[in-house]
Amino acid sequence: MNFQGFVRPDGTVGIRNHVLILPSVVCANRVARGISQQVAGTTWVEHQHGCTQLGADAELTAHVLVSHGTHPNVYGVVVVGLGCETIRAQNIAAAIKEKCPYKPVHLVIIQDEGGSVKATAAGVSAATTMVGAAAQLQREAIDASKLILGTECGGSDAYSGISANPALGFASDLLIDAGGSVVLAETTEIIGAEHIIASRAVNEEVAKKCFTTIQAREKLATDMGVDMRGGQPTPGNIEGGLSTIEEKSLGCIYKAGSRPLQDVIGYAAPVTQKGLVWMDTPGQDVEQLTGMVAGGCHLTVFTTGRGTCCGSPISPTIKVSTTTQLFERMNDNLDLDAGPIVDGKETVDQVGRRIFQEILEVASGKQTKAEILGFNDFAIYRFGPTM
């Protein structure tokens, strides 16, 4: 079972061949965007980080930025910095080059270039050269076992646990059976169902991680003096028919299919194991998506009952609606319809096979709606305040 992708010199595989314009700091966002908008074939990220961050926050921001630059979906990187930030653009560029010596990396420092206009021009020149070189690469047949799939649900409704999520779970099992990896995330949306996931753990150590991960998330809320139910389920979830976080969680975990849980890993940690892996992320859609991509996910399947628009700048995001009514109403943003399950026209298995086929087609180059519309959502989880 194959898809058509790009084999990198270090043996990793990509399903896209992006040239990424990567700002090291919020102050460089506008220049990064300006470079990308002038060079077809590039993508860029924007974020609110990179300066006056300390400790674990600074380390996580740097890790996520470097992980996007080294991602196998990225051919080359133009790193843009202001010049005086905490997380130095020089260090980000050097770390990307150290991990991927074969990858073209160009550094633009706005202060050194003499301002944003000159920096943009320098970045445009470098990016244009990279795009030309990237265009020379050809896709080739790659075994599906190389794929790392992220799973996500956002804007959930009462049908999420009936149609789209179980169908995605079936597709997840198919990929795992083919030798691939699947990431379950959204820790806050597993609360109340952690015992079910833990029962599938490959050993007692992994099972224990399931409970300690949930407990740590719950403690974050209590330490802040807030009730988790203030954000889970969200107002939209409640309007969609969900009553409690437990009900939402029981629907959420269907995305993970039925195969054994191999491990529980931290936010944006590298996905190195085959099979099902739980990544500890918040429930916030874009922070979760960014973490999974930083961990190495080639693409994500994102189920929704209320509708969603977001998509990663470097990793395709396939949107699956829970109902046909939603699919027709937000067709600009949605790729597949799991509504026939609700209407009794298709089974979970049948829709799951359609999702799996879509995964292979998107991995082979088919564009998702989010890609066509140019969505490039990016947000990094943080631990503490800016100093």
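Residues numbered from 1 in each chain as written. Predicted model: local features only at pLDDT ≥ 70, side-chain atom pairs only at ≥ 80, totals over all residues. Heavy atoms only, no water.

A.B. asks: I tried to follow the overall build of the protein chain on my own but got confused; where do I start?
C.D. replies: Across its full length, the protein chain holds 15 helices and 14 strands. The C-alpha atoms of the protein chain give 20 Å as radius of gyration, which agrees with the globular expectation for 387 residues (21 Å, within 12%). Projected onto its principal axes, the C-alpha positions of the protein chain cover 60 × 50 × 40 Å. Relative to its 387 residues, the protein chain shows a buried fraction of 58%. The long-range share in the protein chain, meaning contacts at least 24 apart out of those at least 6 apart in sequence, stands at 72%. Across the protein chain, the centroid of the 30 positively charged side chains sits 4 Å from that of the 40 negatively charged ones. (Helix = DSSP H or I, 4+ residues; strand = E, 2+ residues; numbered from the N terminus. Rg over C-alpha atoms; globule rule 2.2 N^0.38 Å. Buried < 20%, exposed > 50% of the residue type's maximum accessible area, 1.4 Å probe, protein only. Contact = heavy atoms within 4.5 Å. Lys, Arg positive; Asp, Glu negative; His and termini not counted. Charge placed at Lys NZ, Arg CZ, Asp CG, Glu CD.)

A.B. asks: What is the right way to look at unusual backbone geometry in this model?
C.D. replies: Trans peptide bonds make up most of the peptide bonds, and negative phi angles are found at most residues other than glycine. With a phi close to 60°, glutamate 186 is a non-glycine residue in the positive phi region. Looking at the secondary structure, you find glutamate 186 in the loop between β9 (181–184) and α7 (194–198). Take glutamate 186: its relative accessible area is 0%, and that puts it in the buried class. For alanine 268, which is not a glycine, the phi torsion comes out positive at approximately 65°. The exposure class assigned to alanine 268 is buried, which follows from its relative accessible area of 0%.

A.B. asks: What is the right way to read the environment of cysteine 153 from this model?
C.D. replies: Summarising the element assignment, cysteine 153 is placed in strand β8 (residues 148–153). The buried category is assigned to cysteine 153, whose relative accessible area is 1%. A C-alpha to C-alpha distance of 8.3 Å links cysteine 153 and valine 301, two positions 148 residues apart in sequence. Sequence-distant contacts of cysteine 153, that is, excluding residues within four places in its chain, are made with Asn165, Glu186, Glu189, Cys252, Lys255, Asp285, Phe302 and Thr303.

A.B. asks: Quick question: what am I supposed to make of the nonpolar core here?
C.D. replies: Side chains that are nonpolar tend, in soluble globular proteins, to be buried together. Among the nonpolar cores identified, the biggest contains 47 residues, and Leu147, Ile355 and Ile359 are the most heavily contacted of them. Examining the composition of this core, we find that 8 residues originate from one element, helix α6 (residues 164–177), more than from any other. Excluding its chain neighbours within four sequence positions, the residues that come into contact with leucine 147 are Phe3, Ile15, Leu175, Gly180, Ser181, His298, Leu299, Ile359, Leu360 and Ala363. Among the nonpolar cores identified, the runner-up in size contains 26 residues, and Val64, Val74, Val77 and Ile92 belong to it. (Core = buried A, V, L, I, M, F, W, Y, C linked by side-chain atoms within 4.5 Å.)

A.B. asks: Hey, could you run me through the state of the cysteines in this one?
C.D. replies: As enumerated under the stated definition, the model contains 0 disulfides in all. The thiol sulfur of cysteine 51 is not disulfide-bonded, and the nearest other cysteine sulfur, from cysteine 27, lies at 6.1 Å. Of all cysteine sulfurs in the structure, the one in cysteine 297 sits closest to cysteine 100, which takes part in no disulfide; the separation is 17 Å. (Disulfide = S-S within 2.5 Å.)

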